[in-house]
Amino acid sequence: MTRIHFSIIASILLVAIGFSSCDQEIDNIYKEKARIQFKYYSLDFNRKMVIEDETIFSFGMADDDVKIDTARIVVEFLGIALDKDRTYQVRVNTDSTTAVEGVHYKSFSMTQTFRANRLKDTLKIPVIRENLSPSFNNPEDKRLTLEMVATDDFDLGMKGGLRTDLYINNYLSEPKWWSSSLRRPYIGFYHPKKWKILISYNIGFTDPVNCPFDYNNQGRSYFQGLNNELNAKPTFDDETGYRIYLNSLEPRK
């Protein structure tokens, strides 16, 4: 009996120690400093991961009188939201950056405020249109590469979110969803005027990253409408003068 009682007592002690150890680990997780990063992935309409390690800002859809605008980069952190503002820092990676301060973007503070009671916030960067080429056939993107820096308020987050690229241009660059196998065979090569036609059918086409329409749903009727409109209504490339069809550019006849 003594041996049995001793065994039971020993087991109870081991379990207690185990729970204590777990509690300490849990406490450490919640006491650990929050970890900050750029948002680098999202879920598409099929709940599949889409990598977003870059942000594209284009003046292509803006009116001609828009000379300065604001690019927005989403910043997030792993941890618990607090009821007070905190600060985070970024730095420019000069080896990768081709954009020039004062020419393609305005100066902005490397120290930013992460507002209270939020898990996500926005880094805003003023961008300049004047020195960006509007050519689609000879596209030009200026890249601003940013890296996250640890601060007193935040440690660094996951590796994939510690660096991001902001691409600035003055033409309508191809949206990520265009090349999907459920779209490209039915809408052909990319051209900004074709994209604008799709947007005129439904604003759901506006997002450059995700699109709710493909050949298996309502998108089929929009894609057929695009083909019909290009065949019926002559639409031309502004630089070459060629007529735009679904699958080709052809000289004027």
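Residues numbered from 1 in each chain as written. Predicted model: local features only at pLDDT ≥ 70, side-chain atom pairs only at ≥ 80, totals over all residues. Heavy atoms only, no water.

Draft legend 1. Here's a closer look at the overall build of the protein chain. Scanning the protein chain from N- to C-terminus turns up 4 helices and 13 strands. Burial statistics for the protein chain: of 253 residues in total, 36% are counted as buried. Partitioning the contacts of the protein chain with sequence separation of at least 6, the portion at a separation of at least 24 is 67%. A total accessible area of about 15,100 Å² is found for the protein chain, and carbon and sulfur atoms account for 52% of it. (Helix = DSSP H or I, 4+ residues; strand = E, 2+ residues; numbered from the N terminus. Buried < 20%, exposed > 50% of the residue type's maximum accessible area, 1.4 Å probe, protein only. Contact = heavy atoms within 4.5 Å. Areas by Shrake-Rupley, 256 points an atom, 1.4 Å probe, with all protein chains shown as cover.)

Draft legend 2. How the structure looks around the layout of surface pockets. If you add up the space inside the largest pocket, you get close to 610 Å³. Residue lining of the largest pocket: 26 residues in total, with Thr55, Ile56, Asp207, Pro208 and Val209 positioned closest to the centre. For the lining of the largest pocket, the elements supplying multiple residues, two or more each, are strand S4 (54–58) and strand S5 (68–78). Approximately 360 Å³ is the volume attributed to the second largest pocket. Looking at the second largest pocket, it is lined by 17 residues, and the ones nearest its centre are Pro134, Tyr171, Pro192, Lys196 and Asp238. (1 Å grid on protein atoms, 1.4 Å probe; cavity = no way out; pocket = protein on both sides within 12 Å on 5 of 7 lines; lining within 4 Å. Points joined across faces, edges and corners; volume = space filled by probe spheres on them.)

Draft legend 3. Highlighting unusual backbone geometry. Unusually for a residue other than glycine, Asn117 sits at a positive phi of about 60 degrees. Inspection of the secondary structure assignment puts Asn117 in the loop between strand S7 (111–114) and strand S8 (120–128).

Draft legend 4. Geometry of the environment of Asp121. If you trace the backbone, Asp121 turns up in strand S8. For the pair Asp121 and Phe77, spaced 44 residues apart in sequence, the C-alpha separation works out to 9.2 Å. The residues contacting Asp121, other than those within four sequence positions of it, are Ile73, Val74, Val75, Thr113, Phe114 and Arg115.

Draft legend 5. Broad picture of the sheet that holds strand S11 (residues 163–169). Pairing is mixed in the open sheet, where 5 strands are placed in the order S4-S11-S9-S6-S7. One side of each edge strand has no neighbouring strand; the edge strands of this open sheet are S4 and S7. Averaged over all neighbouring strand pairs, the angle between strand axes comes to 30 degrees, with direction disregarded. (Pairing = 2+ DSSP bridges. Axes fitted to C-alpha atoms, helices over the stretch in contact; angles between N-to-C directions.)

Draft legend 6. Spotlight on the nonpolar core. Residues Tyr88, Leu123 and Ile125 are the most contacted members of the largest nonpolar core, which totals 25 residues. Elements with a minimum of two residues in this core: strand S1 (35–38), S5, strand S6 (86–92), S8, strand S9 (142–149) and S11. Counting residues per element, this core draws most heavily on S5, which supplies 4 residues. Each residue touching Tyr88, except ones within four places of it in the same chain, is listed here: Ile36, Val75, Met110, Thr111, Gln112, Thr113, Phe114, Thr122, Leu123, Met148, Thr151 and Phe154. In terms of nonpolar packing, the next biggest core, distinct from the first, is built from 20 residues, Leu172, Trp177, Phe205 and Leu230 among them. (Core = buried A, V, L, I, M, F, W, Y, C linked by side-chain atoms within 4.5 Å.)

Draft legend 7. Structural detail: the pattern of salt bridges. If you walk through the whole model with that rule in mind, you get 7 salt bridges. Residues Glu147 and Arg163 are paired through a salt bridge, measuring 3.9 Å at the closest nitrogen-oxygen approach. Highlighted residues: Glu147 in strand S9 and Arg163 in strand S11, separated in sequence by 16 residues. The structure contains a network of salt bridges with shared partners spanning Arg91, Glu147 and Arg163. (Salt bridge = Lys/Arg side-chain N within 4 Å of Asp/Glu carboxyl O.)

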